[in-house]
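Fold and contact review
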Amino acid sequence: MERGSARLLDDWKNGGFVLEERLIERLLKSTGSLVIDSWYIKGQPRPDWLHTSFDVDGVEQCGTVVKDIAATLGGLGLGRAGGIRVFPKGIPADVFTIELQVGAP
Amino acid sequence: MSPAGTAGRVVGPTGGHGILQVHPTRRCNLRCRHCYSSSGPDVAQSVPVDVVRQVVDDAAGLGCTVLGVSGGEPLLYPGLGTVLRSARGAGMTTTVTTNGMLLTPRRVDELAGQVDVLAISLDGSPESHAAMRGDPRAFSRMAGRLSYLAASGTTFGFVFTLTQRNVHELDWVVRFAREVGAGLVQVHPLEAEGYAVDNLADDVPDVVELAFAAVEVLRTADGGGPYLQIDVASRHDLLADPARFLALEHAPDAPLGTWLTPLVLEADGTVVPLTYGFPRPFALGSVHDAPLRTLAARWDPDPLLSVARRTHARLAGPQGPALTNWYTEVLATARARRLSLTVA
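Residues numbered from 1 in each chain as written. Chains lettered and ligands numbered in written order. Predicted model: local features only at pLDDT ≥ 70, side-chain atom pairs only at ≥ 80, totals over all residues. Heavy atoms only, no water.

Observations concerning the nonpolar core
- Counting 90 residues, the largest nonpolar core has B:Leu20, B:Leu67 and B:Phe158 as the members making the most contacts within it.
- Counting residues in hydrophobic clusters, the runner-up holds eight residues, among them B:Leu30, B:Met101, B:Ala138 and B:Tyr195. (Core = buried A, V, L, I, M, F, W, Y, C linked by side-chain atoms within 4.5 Å. Buried < 20%, exposed > 50% of the residue type's maximum accessible area, 1.4 Å probe, protein only.)

Here's the deal with the side chain of B:Thr270
- Summarising the element assignment, B:Thr270 is placed in strand E10 (residues 270-273).
- With residues up to four places along the chain from it excluded, the contact list for B:Thr270 reads B:Val264, B:Leu265, B:Arg280, B:Ala283, B:Gly285 and B:Ser286. (Helix = DSSP H or I, 4+ residues; strand = E, 2+ residues; numbered from the N terminus. Contact = heavy atoms within 4.5 Å.)

Let's talk about the sheet that holds strand E1 (residues 19-22) of chain B
All names here are of chain B.
- One open sheet holds the ten strands; their spatial order is E7-E6-E5-E4-E3-E2-E1-E9-E10-E11, and the pairing between them is mixed. Each edge of the sheet is formed by a strand with only one pairing partner; in this case those strands are strand E7 (227-230) and strand E11 (285-286).
- Bridge analysis of strand E6 (residues 184-189) against E7 gives four bridges, and the strand direction is parallel. Looking across to E7, one finds that Leu184 is bridged to Tyr227.
- Of the strands in this sheet, strand E5 (156-162), E6 and E7 are in contact with helix H7 (residues 170-180), which crosses E5 at around 170°. (Pairing = 2+ DSSP bridges. Axes fitted to C-alpha atoms, helices over the stretch in contact; angles between N-to-C directions.)

A short note on the pattern of salt bridges
- The tally for this structure, following the rule as stated, stands at 15 salt bridges over all chains.
- Where B:Arg106 meets B:Glu110, a salt bridge forms, and the shortest distance between an N and an O atom there is 2.7 Å. Here the residue B:Arg106 and the residue B:Glu110 both occupy positions in helix H3 (residues 105-111), the gap between them amounting to four residues, near one helical turn.
- Taking relative accessible area as the criterion, B:Arg106 reaches 56% and is therefore assigned exposed.
- Its relative accessible area of 41% is what places B:Glu110 among the partly exposed residues.
- A salt bridge links B:Arg175 to B:Asp171, with the shortest nitrogen-to-oxygen separation between them at 3.0 Å. Taken together, the residues B:Arg175 and B:Asp171, both in helix H7 and four residues apart, mark about one turn of the helix.
- Taking relative accessible area as the criterion, B:Arg175 reaches 45% and is therefore assigned partly exposed.
- Each of A:Arg3, B:Asp206 and B:Glu209 takes part in one network of salt bridges that share partners. (Salt bridge = Lys/Arg side-chain N within 4 Å of Asp/Glu carboxyl O.)

Here we look at the packing of aromatic side chains
All names here are of chain B.
- Here the structure, examined in full by the defined rule, presents seven aromatic pairs over all chains.
- With a centroid separation of 5.6 Å and an interplanar angle of 45°, the aromatic rings of Phe158 and Phe176 are classed as tilted. In this pair, Phe158 sits in strand E5 while Phe176 sits in helix H7, placing the two residues 18 residues apart along the sequence. Accessibility assignment for this pair places Phe158 and Phe176 in one class, buried.
- Ring pairs connect the aromatic residues Phe139, Phe156, Phe158, Trp172 and Phe176, which therefore count as one cluster. (Phe/Tyr/Trp six-rings, centres within 6.5 Å; stacked < 30°, edge-to-face > 60°.)

As for the side chain of B:Thr154
- Positionally, B:Thr154 belongs in the loop between helix H6 (146-152) and E5.
- Beyond its immediate chain neighbours, meaning those up to four positions away, B:Thr154 contacts B:Ala112, B:Val115, B:Leu118 and B:Leu149.

With respect to helix H4 (residues 126-133) of chain B
Residue and element names in this part refer to chain B.
- When H4 is considered as a whole, its buried residues turn out to be His129, Ala130, Met132 and Arg133. Projected down its long axis, H4 carries its buried residues within an arc of 165°, all on one side.
- Looking at the buried positions of H4, the neighbouring elements they touch are strand E4 (117-121) and helix H5 (138-144).
- Of the residues trailing H4, Gly134 is marked for its positive phi of about 70°. (Arc of directions from axis to C-beta.)

Notes on the environment of B:Ala119
Residue and element names in this part refer to chain B.
- Looking at where Ala119 falls in the secondary structure, it is placed in strand E4.
- For the pair Ala119 and Ser70, spaced 49 residues apart in the sequence, the C-alpha separation amounts to 9.4 Å.
- In this structure, Ala119 is in contact with Val96, Thr97, Thr98, Gly157 and Val159, ignoring residues within four places of it in sequence.

Topic: the state of the cysteines
Residue and element names in this part refer to chain B.
- Tallied over the entire structure, the rule returns zero disulfides over all chains.
- Cys35 forms no disulfide, and the closest cysteine sulfur to it belongs to Cys32, at a distance of 6.2 Å.
- Owing to a relative accessible area of 16%, Cys35 belongs among the buried residues under this scheme. (Disulfide = S-S within 2.5 Å.)

A few points about the pairing of E10(B)
Residue and element names in this part refer to chain B.
- By the alternation rule, side chains of E10 split into Thr270 and Val272 and Val271 and Pro273, which are all buried.
- Bridge count for strand E9 (residues 263-265) against E10 is three bridges, and the pairing is antiparallel. For Leu265, the partnering residue across the bridge sits in E10 and is Val271.
- Hairpin connection from E9 to E10: four residues lie between these consecutive antiparallel strands, with Gly269 at a positive phi of about 95°.
- Of the pairings in the sheet, the one linking E10 to E11 comprises two bridges and is antiparallel in character. Counted as the bridge partner of Val271 is Gly285 from E11.

These results come straight from atomic positions and should not be treated as a statement about function.
Structure representation (structure tokens):
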């Protein structure tokens, strides 16, 4: 049988659901105690593109955060470009910058 | 002092309230496919009202501040009013969870002033609700009771059981709640207990469905009332505030209800920690054998705390899920622990 989330994604697409800044902000906060470096949201009249970056400490936290974000946002099915990129800092890397993009710029 | 400080002294994410959850009867006018207590019209098991009253008094003495009555269908329990009055007299906040079909104006009037929050089960659209309840009238009968209930001034809300298949109906539930003046929608993940073991074994929501439910709660909450609550713990909570889940700081002589919650009275008289159906080796005992205050004084918490620590270590590890139902996970650990002890 079909997942409820698959039906939900169809409902969102058909209903014109797009990103809301407050929603994404709360999602990121719920993911962990992250220091957000920057973020940009575009879209009129309602935002439908998000780009943000933040730093996490260590490989373990990096993997966990990416996994959490992917689980929470990866299936939103907005049907446009989006993804997560990770940039290691330091030798050996002890801080990672994570860039998250949802929607198409 | 624990690394997390003194903020959390309660096992379980219950917001710091000491909760006594009472299932006084398993008799019910419905036989729902997901019923964790395997209740139904032909199930007569119940706890005498005098015994329940004593349990409530003892629980208040142990520091419990909230009484939650569930079932079975609580409106079929003849002593419901007596139990609620006892709890209110002891200074407790009261909640009753019902399928709502029997909320006649007379019953609403009787409950007025005795119930702080009336929680009504609602499993999605009318068709989905009726299918889960096994009764085509389940939604229409319940919905027909709501106008009088709303006019009575009693605060009420809905409890939505989240499955692997129904997160897309949460939006409908929230809109319906808004329409009828409900103050709360509580999203509770399905537990593989009772009838659900046979009927809905593959329908316990996984982390993906929990995540989508969290998104829906955040999204729909932006539309203004009702208050939305989802019964899941995030990985962030587990990592940031372990004491909240592990009771790391409770003093040896602290009253049980101040650090262990909920305490659950089942319809066979057994008091278990945390959640209905908890394995009997971890139970406080039966109130048919001794009063709750005596059971609490005799009870050894170490096996349960060990289970809580194992659960936390598993969930907070590198492979832990982003969102989880804490009580279900503790229950799973306890059952595995009991099994390993039995095999050994």
